[in-house]
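Analysis of the macromolecular model
Here is what each chain is made of, one letter per residue.
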Amino acid sequence: MSAGGSGMQIEDPVSLRAAGTGALEMAGELHAKGNHGSEATSCAVAWFLDPFWFGELGGALLDVSERWEEQTKVLVGLCRDVHANCTETANNYTKAESANTETMKSVAPLHTPFG
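All values reported here derive from a predicted model rather than from experimental measurement.

The number of helices and strands found in the chain is 3 helices and 2 strands. Traced from its N-terminal end to its C-terminal end, the chain shows the element sequence β-β-α-α-α. In terms of overall dimensions, the chain is more spread out than a globule: its C-alpha atoms have a radius of gyration of 26 Å, far above the 13 Å expected for 115 residues. Based on the C-alpha atoms only, the size of the chain along its principal axes is roughly 95 × 25 × 15 Å. Counting 7 positive and 15 negative side-chain charges, the chain places the centres of these two groups 9 Å from one another.

Attention now goes to the packing of aromatic side chains. This structure, assessed with the given rule, holds 1 aromatic pair. On the basis of an interplanar angle of 70 degrees and a centroid distance of 4.9 Å, the ring pair of Trp47 and Phe48 is categorised as edge-to-face. By relative accessible area, which is 53% here, Trp47 ends up exposed.

In this section: the packing of helix α2 (residues 38-48) against helix α3 (residues 56-105). Where α2 meets α3, the closest approach of the two axes is 7 Å, and the angle between their N-to-C directions is 155 degrees. When the interaxial angle is binned, α2 and α3 end up roughly antiparallel. Judged by the twist between their axes, the crossing of α2 over α3 is left-handed. Across from Thr41, Ala44, Val45 and Phe48 in α2, the residues of α3 making contact are Leu57, Gly58, Leu61, Leu62 and Ser65. The class makeup of the residues in the contact of α2 with α3 is 6 nonpolar, 3 polar and no charged.

Next up on the list: a nonpolar patch on the surface. A surface patch of nonpolar side chains, amounting to about 260 Å² of accessible area, comprises Val74, Leu75 and Leu78. Note that Leu75 resides in helix α3. The class of Leu75 is partly exposed, set by a relative accessible area of 40%.

Proximity of charged atoms lets side chains of opposite charge pair with each other. A full pass over the atoms with the stated rule returns 3 salt bridges. The salt bridge involving Lys73 is made with Glu69; its shortest N-O contact spans 3.3 Å. Of the two residues, Lys73 and Glu69 both sit in helix α3, 4 residues apart, roughly one turn of that helix. Measuring nitrogen to oxygen at the nearest pair gives 3.2 Å for the salt bridge that ties Lys105 to Glu102. In this pair, Lys105 and Glu102 are both assigned in helix α3, 3 residues apart and thus about one turn of the helix distant.

Over its 21 residues, helix α1 (residues 13-33) runs 30 Å from end to end, which matches the ideal 30 Å to within 8%, given 1.5 Å per residue. Residues of α1 that are buried: Pro13, Leu16, Gly20, Ala23 and Ala27. When α1 is viewed along its axis, its buried side chains cluster within an angular range of 85 degrees and face the same direction. Those residues of α1 that are exposed and aimed more than 90 degrees away from the buried face are Val14, Glu25, Ala32 and Lys33. Of the surrounding elements, those touching the buried residues of α1 are α3.

Calculation rules
- Residues numbered from 1 in each chain as written.
- Predicted model: local features only at pLDDT ≥ 70, side-chain atom pairs only at ≥ 80, totals over all residues.
- Heavy atoms only, no water.
- Helix = DSSP H or I, 4+ residues; strand = E, 2+ residues; numbered from the N terminus.
- Rg over C-alpha atoms; globule rule 2.2 N^0.38 Å.
- Lys, Arg positive; Asp, Glu negative; His and termini not counted.
- Charge placed at Lys NZ, Arg CZ, Asp CG, Glu CD.
- Phe/Tyr/Trp six-rings, centres within 6.5 Å; stacked < 30°, edge-to-face > 60°.
- Buried < 20%, exposed > 50% of the residue type's maximum accessible area, 1.4 Å probe, protein only.
- Axes fitted to C-alpha atoms, helices over the stretch in contact; angles between N-to-C directions.
- Parallel < 35°, antiparallel > 145°, perpendicular 65-115°, else oblique.
- Left-handed = near helix turned anticlockwise from the far one by under 90°.
- Contact = heavy atoms within 4.5 Å.
- Nonpolar A, V, L, I, M, F, W, Y, C, P; charged D, E, K, R; others polar.
- Patch = residues over 30% accessible without salt bridge, like charges linked within 9 Å, V, L, I, M, F, W, Y side chains within 5 Å.
- Areas by Shrake-Rupley, 256 points an atom, 1.4 Å probe, with all protein chains shown as cover.
- Salt bridge = Lys/Arg side-chain N within 4 Å of Asp/Glu carboxyl O.
- Expected span 1.5 Å × (residues − 1).
- Arc of directions from axis to C-beta.

Right under this line is the structure:
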């Protein structure tokens, strides 16, 4: 790992794949648990929309619930993007290293007085 001009650079495809796998696992957990209370919230919204509450509390709760759902979807999508980017970068790094190794095999060694 080394620091680059625009952030951190990981020069190890295994680490990149591990980071990508972790991001994908996190996306799955967020997707599964992020909407855990949606059914209970829907019931509460319906109850708080009752005229007894003047409907205001139900409307506010509905807004919060919708915002939570939107933000959860965005976060899941970002985690999936991190996975895809880490995996693609690891694959590109591996391909480039293989190509460089093959190219260097074809270069004749120079004989110099320095060894």
